[in-house]
Amino acid sequence: METTNKPLEKLNIFSFKGVQMRTFHLTWMAFFLCFFGWFGLAPLMTVIKTDLGLSKEQIGNIIIASVAATVVARILIGKLCDSWGPRKTYSALLGLCSIPVMTVGLVHSYEGFLLFRLAIGVIGASFVITQYHTSVMFDKKIVGTANAVAGGWGNLGGGVTNMVMPLIFSGFIGLGYLPESAWRIAMVIPGVLLLVFSFIYYRFTKDTPAGNFEELAITNPKAAKTKGSLAVAMKDPRTWALFLAYGACFGIEITFDNVAALYFFENFDTSLATAGILAGTFGFMNIFARAMGGILADKVGNKYGMLGKGRLLALLLALEGIGIALFAQSGSIVIAVVTMLGFAMFLKMANGVTYAIVPFINQKAIGSVSGIVGAGGNVGAVLAGFLFKSSSISYSQAFMYIGVAIACIAAVVALINFEKTKNIITEAKTFETAKASQAS
């Protein structure tokens, strides 16, 4: 592959040549590790529940806390990507969030654990930087595929975490540690990995194919950092349609990552390791499912435009909702696993399609749009968390309600025309002109 300082028109996943492909690989790896730190506690909750004496309501609060902080963090991080640059933003996020991941084992109360879970949740904003960085590194012809592959391989961290953390925990048990000590020490490992990768990301990536924001400011003032408009992004109804859609797909994904192991453990009497493997299978589908969504979205977009992408997203959401409703009624572990794999496929494809649309909403504020839509995923997770927190609703009933809600959101998305509208383009141009006048 010939090196260039322009966005690539092809995605060769086996190449590390050039700043674009190097950044592509490092950004999904960073996101993978962020997932490892973010959800490292989830498959160990049965042990933590006993150690800290947690009730179902308290576990519900912890699930909500793990995703609540990310709502605000994603919007702020999106704005930082537009102004400060993705390289510095990602490096800082990795370094800062490694601290609560490494030190969560110091807590011995519900209240302390809740606060640490809230702090660790900030690392979920890493997704916005991942999608921003791939969006600027690849041409619009292939950006949907690039975003989906990077996001999917990063999300894979959720599945691997459910499989690996119980093994790490068991390893420390084998070394002679008691369970109440083993889960605490186990969390040091993802924390250290995050800290190390913070330095790697800063050293080996650039903000754009042409260079870092500060370099561009020196060599070409007109090409200096593009400051996105959060206000313009928020005025666009398409942004909020994607906000809802992402809440219905990614929001449910991270909720399921949080409760799956506990659900299989308690509902089907599996062992902790088996529950982790079954939950991990759900996350492991990201290795191909989200990418399939992005690839299909690019093909549909090339033939039917943004309207076609919107209809595709609505269809996938509808199928996801139906699949979750069927999962909720599963009477055996075999049926539960089969229906889980079915709705997981549609859910993860919908994730990919959503972020195949995001870069086309407002080219001047990719970070802001990406941040708002990404925050939608966490709002969805927070709302779903309240269902799992309730003492009057079983987990199966919660999944049923979620399936119905997703079907309703699919209907809303189907009504939105994702083609550009003149007034939105005019608003964006007016904003940029005003900013240019202020600068001069």
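Preceding block: the structure.
(A) Spotlight on unusual backbone geometry. For Asp269, which is not glycine, the phi dihedral falls at a positive 55 degrees. Look at Asp269 and you get exposed, because its relative accessible area is 69%.

(B) A look at the environment of Phe172. One can find Phe172 in helix H7 (residues 143–174). The buried category is assigned to Phe172, whose relative accessible area is 16%. In this structure the C-alpha to C-alpha distance between Phe172 and Val128, which are 44 residues apart in sequence, comes to 34 Å. Apart from residues lying up to four places away in sequence, Phe172 is in contact with Tyr177, Ala182, Ile185, Ala186 and Ile189.

(C) Structural detail: the packing of helix H12 (residues 237–267) against helix H15 (residues 333–357). Packing of H12 against H15 leaves a shortest axis separation of 9 Å and a crossing angle of 145 degrees. Crossing of H12 against H15: the hand is left-handed. Contacts from Leu242, Ala245, Tyr246, Cys249, Phe250, Ile252, Glu253, Phe256 and Phe264 of H12 reach H15 at Ala336, Met340, Phe343, Leu347, Lys348, Ala350, Asn351, Thr354, Tyr355 and Ile357. Of the residues assigned to the contact of H12 with H15, the class counts are 15 nonpolar, two polar and two charged.

(D) Up close: the side chain of Asp82. Tracing the backbone shows Asp82 in helix H3 (residues 56–83). Buried within the structure, Asp82 lacks any salt-bridge partner; its nearest side chain of opposite charge belongs to Lys79, at an N-O separation of 6.0 Å. A distance of 3.1 Å separates the side chain of Asp82 from the backbone nitrogen of Ser368, its partner in a polar contact.

(E) Spotlight on helix H6 (residues 126–137). The terminal C-alpha atoms of H6, which comprises twelve residues, lie 17 Å apart, in line with the 16 Å expected from a rise of 1.5 Å per residue. For H6, the tally of buried residues reaches twelve of twelve residues, placing the bulk of the element in the interior. Of the positions making up H6, those classed as buried are Ser126, Phe127, Val128, Ile129, Thr130, Gln131, Tyr132, His133, Thr134, Ser135, Val136 and Met137.

(F) Representation of the nonpolar core in the model. Trp38, Ile48, Phe113, Leu313, Leu317, Phe327 and Phe399 are the most contacted members of the largest nonpolar core, which totals 140 residues. In contact with Phe327, not counting residues within four places along its chain, are Phe256, Tyr263, Phe264, Ala336, Thr339, Met340, Phe343 and Phe399.

(G) Local environment of a nonpolar patch on the surface. A contiguous nonpolar patch, built from Phe284, Ile287, Phe288 and Met292 and spanning about 340 Å² of accessible area, is present on the exposed surface. Mapping Phe288 onto the fold places it in the loop between helix H13 (272–284) and helix H14 (289–328).

(H) Structural view of the environment of Arg22. Checked against the element boundaries, Arg22 lands in helix H1 (residues 18–38). Note: C-alpha distance between Arg22 and Lys206 (184 residues apart in sequence) is 9.4 Å. With near-sequence residues (within four places) excluded, Arg22 lies in contact with Phe16 and Phe204.

(I) Structural view of the pattern of salt bridges. Scanning all chains against the criterion turns up eight salt bridges. The partner of Glu214 in a salt bridge is Arg87, with the nearest N and O atoms 3.5 Å apart. With Glu214 in helix H10 (residues 213–219) and Arg87 in helix H4 (residues 86–103), the pair connects residues that are 127 residues apart, well separated along the chain. Relative accessible area serves as the criterion here: at 31%, Glu214 is assigned to the partly exposed category. A relative accessible area of 8% places Arg87 in the buried class.

(J) A look at the packing of H3 against H12. Packing of H3 against H12 leaves a shortest axis separation of 11 Å and a crossing angle of 145 degrees. In this structure, H3 crosses over H12, and the sense of that crossing is right-handed. Every residue of H12 that contacts H3 at Ile59, Ile63, Ser66, Val67 and Arg74 is listed here: Tyr246, Phe250, Ile254, Asn258, Val259 and Leu262. Split by residue class, the contact of H3 with H12 holds eight nonpolar, two polar and one charged.

Rules of the game
Residues numbered from 1 in each chain as written. Predicted model: local features only at pLDDT ≥ 70, side-chain atom pairs only at ≥ 80, totals over all residues. Heavy atoms only, no water. Buried < 20%, exposed > 50% of the residue type's maximum accessible area, 1.4 Å probe, protein only. Helix = DSSP H or I, 4+ residues; strand = E, 2+ residues; numbered from the N terminus. Contact = heavy atoms within 4.5 Å. Axes fitted to C-alpha atoms, helices over the stretch in contact; angles between N-to-C directions. Left-handed = near helix turned anticlockwise from the far one by under 90°. Nonpolar A, V, L, I, M, F, W, Y, C, P; charged D, E, K, R; others polar. Lys, Arg positive; Asp, Glu negative; His and termini not counted. Salt bridge = Lys/Arg side-chain N within 4 Å of Asp/Glu carboxyl O. Polar contact = N/O pair within 3.5 Å; in protein donor to acceptor, adjacent residues only side chain to side chain. Expected span 1.5 Å × (residues − 1). Core = buried A, V, L, I, M, F, W, Y, C linked by side-chain atoms within 4.5 Å. Patch = residues over 30% accessible without salt bridge, like charges linked within 9 Å, V, L, I, M, F, W, Y side chains within 5 Å. Areas by Shrake-Rupley, 256 points an atom, 1.4 Å probe, with all protein chains shown as cover.

Purely geometric stuff here, so don't read any function into it on its own.
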